[in-house]
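Understanding the architecture of this molecule
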Amino acid sequence: MMQRYRYPQKNDWEKLVRRPIPEHVAIKDEVAQILLDIKVIGTEAVRRYAKQFDRVALEHFEIERGALAQLASQVGLPLQQAIRTASANISAFHEAQVRPATFIETLPGVLCSRKGIPIERVGIYIPGGTAPLFSTVLMLGIPAKIAGCKEIVLCTPPNDEGLIHPAIAFAAQLVGIERVFAIGGVQAIGAMAYGTHEIPRVNKIFGPGNQYVTAAKQLVSAEGIAIDLPAGPSELAVLADESCNPTFVAADLLSQAEHGVDSQVILLSDSERVIEEIEKALEYQLATLPRREIALQALSNSRAFLVSDLDQGMSLLNAYAPEHLIIACRDDEALAAKVVNAGSVFLGNYSPESAGDYASGTNHTLPTNGFAKSYSGVSVDSFLKYVTFQKITKSGLSSIAEAITSMAEAEGLEAHGNAVRIRFSE
């Protein structure tokens, strides 16, 4: 089960909360060769790797609109309604992020502005397989639409018949994504990064995936192709005090542990009794969990810390910078004010992490592996690029001319100063 530590010293925190070593480091050369083949050969290489890895031979990868609608119609009404509810909440939360262009007159006659412009074409990768993440279609497609991206390209692995999961098709149609391709893995990332005669090249790639997809995204980003954020195995940290419900906390820990064997969960409490009760609840709930073996392996990478007080617990958590953080404490809001590094935070006993994964409205595409220290989760801003403008009158330029020419001369850039002086020499 979870490894337990009592009153860890600050000097030991970094070592104690070290993440599992990402597998994608070891497979980088293999992934690089696949990407090179796709870059040089194009569609035929994509087709070859689709046959090798997805075990399906397709003449064309794009799913026509009629076929997409047919797949979407297979989704039962209860799941359709659930997806619509989640979509409405995600839309409401992300629509509130839209900001008007800013206009500032820094001096009379010097007008500066900043405007968000949509990225024209974005690519979304949606994992399939045993856990088709149709919720991620909403999490990425909705803010892309709100931002105003002209074209959204979606890639997801096909089944043995060359078709995609019906729930992914339904979510894509609901969001308004029209270009859907039945391509999985590294070949999907390569196709979107470089483009082929069938799959368009995109300006930025979004979406989670296994270690091969993660490696592919990192490699294409090194070539100047933008990606959403550095991604790794999913992770959750929980800070719990005597007011928590141990059964709830155990369920939350398992909800992340079942993601994959390389997932990690961290538990912190100022009460040894609470830790013991949560571990008992873990054992009880594990017994009936369908993905029990996966969760058990993930728990072997996990830690339980007894801390001297909750303030120390928050300091340790900020050093860890978790993807997800649950604060199951009496003073949850006061503790939340001390959060510096986290992807998304859940407060109280009735804010499970799975709410953020699906339907509360916040985005579940978040920084992992400590990148919450420098990255935010996906938002509408992720699908925009900001451009600044300035319009300056002659009198406005006159008011800053001396500052410009003095600074230009000090930097040894004479032509910069001349570009101002020449405007007043006529």
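Refer to the preceding data block for the structure.
Since we're looking at a predicted model, the values are computed, not measured. (Residues numbered from 1 in each chain as written. Predicted model: local features only at pLDDT ≥ 70, side-chain atom pairs only at ≥ 80, totals over all residues. Heavy atoms only, no water.)

Section: the environment of Val 378
In this fold, Val 378 is placed in the loop between α15 (353–358) and β14 (384–392). On the accessibility criterion, Val 378 (5% relative accessible area) is buried. Taking the C-alpha atoms as reference points, Val 378 and Arg 65, separated by 313 residues in sequence, lie 28 Å from one another. (Helix = DSSP H or I, 4+ residues; strand = E, 2+ residues; numbered from the N terminus. Buried < 20%, exposed > 50% of the residue type's maximum accessible area, 1.4 Å probe, protein only.)

Thoughts on unusual backbone geometry
In this model, Tyr 7 sits at a positive phi of 50°, which is unusual for a non-glycine residue. Examined against the element boundaries, Tyr 7 turns out to sit in the loop between β1 (3–6) and α1 (13–16). On the basis of relative accessible area, Tyr 7 is assigned to the partly exposed category, the value being 40%.

What about helix α16 (residues 394–410)?
With 17 residues, α16 should cover 24 Å at 1.5 Å per step; its first-to-last C-alpha distance of 24 Å lies within 8% of that length. In the structure, α16 departs most strongly from a straight axis at Ile 400, where the bend amounts to approximately 50°. Those residues of α16 lying buried are Gly 396, Leu 397, Ala 401, Thr 405 and Ala 408. In this structure, the buried residues of α16 make contact with β3 (110–118), β14 and α17 (414–421). Gly 412 sits one or two positions beyond α16 and adopts a positive phi of about 75°. (Expected span 1.5 Å × (residues − 1). Bend = angle between axes of the 7 residues up to and from the residue. Contact = heavy atoms within 4.5 Å.)

Structural notes on empty space enclosed by the protein
Here the structure, examined in full by the defined rule, presents two cavities of 30 Å³ or more. As for the largest cavity, its lining consists of Arg 19, Pro 20, Pro 233, Ser 234, Glu 235, Asp 262, Ser 263, Gln 264 and Asn 369. Class assignment of the residues belonging to the lining of the largest cavity gives a composition of two nonpolar, four polar and three charged. Looking at the second largest cavity, its volume works out to about 30 Å³. Along its surface, the second largest cavity is lined by Thr 214, Lys 217, Gln 218, Ile 227, Leu 229, Pro 230 and Ala 231. It is helix α9 (residues 211–221) that provides the largest number of residues to the lining of the second largest cavity, a total of three residues. Looking at the lining of the second largest cavity residue by residue, the classes come out as four nonpolar, two polar and one charged. (1 Å grid on protein atoms, 1.4 Å probe; cavity = no way out; pocket = protein on both sides within 12 Å on 5 of 7 lines; lining within 4 Å. Points joined across faces, edges and corners; volume = space filled by probe spheres on them. Nonpolar A, V, L, I, M, F, W, Y, C, P; charged D, E, K, R; others polar.)

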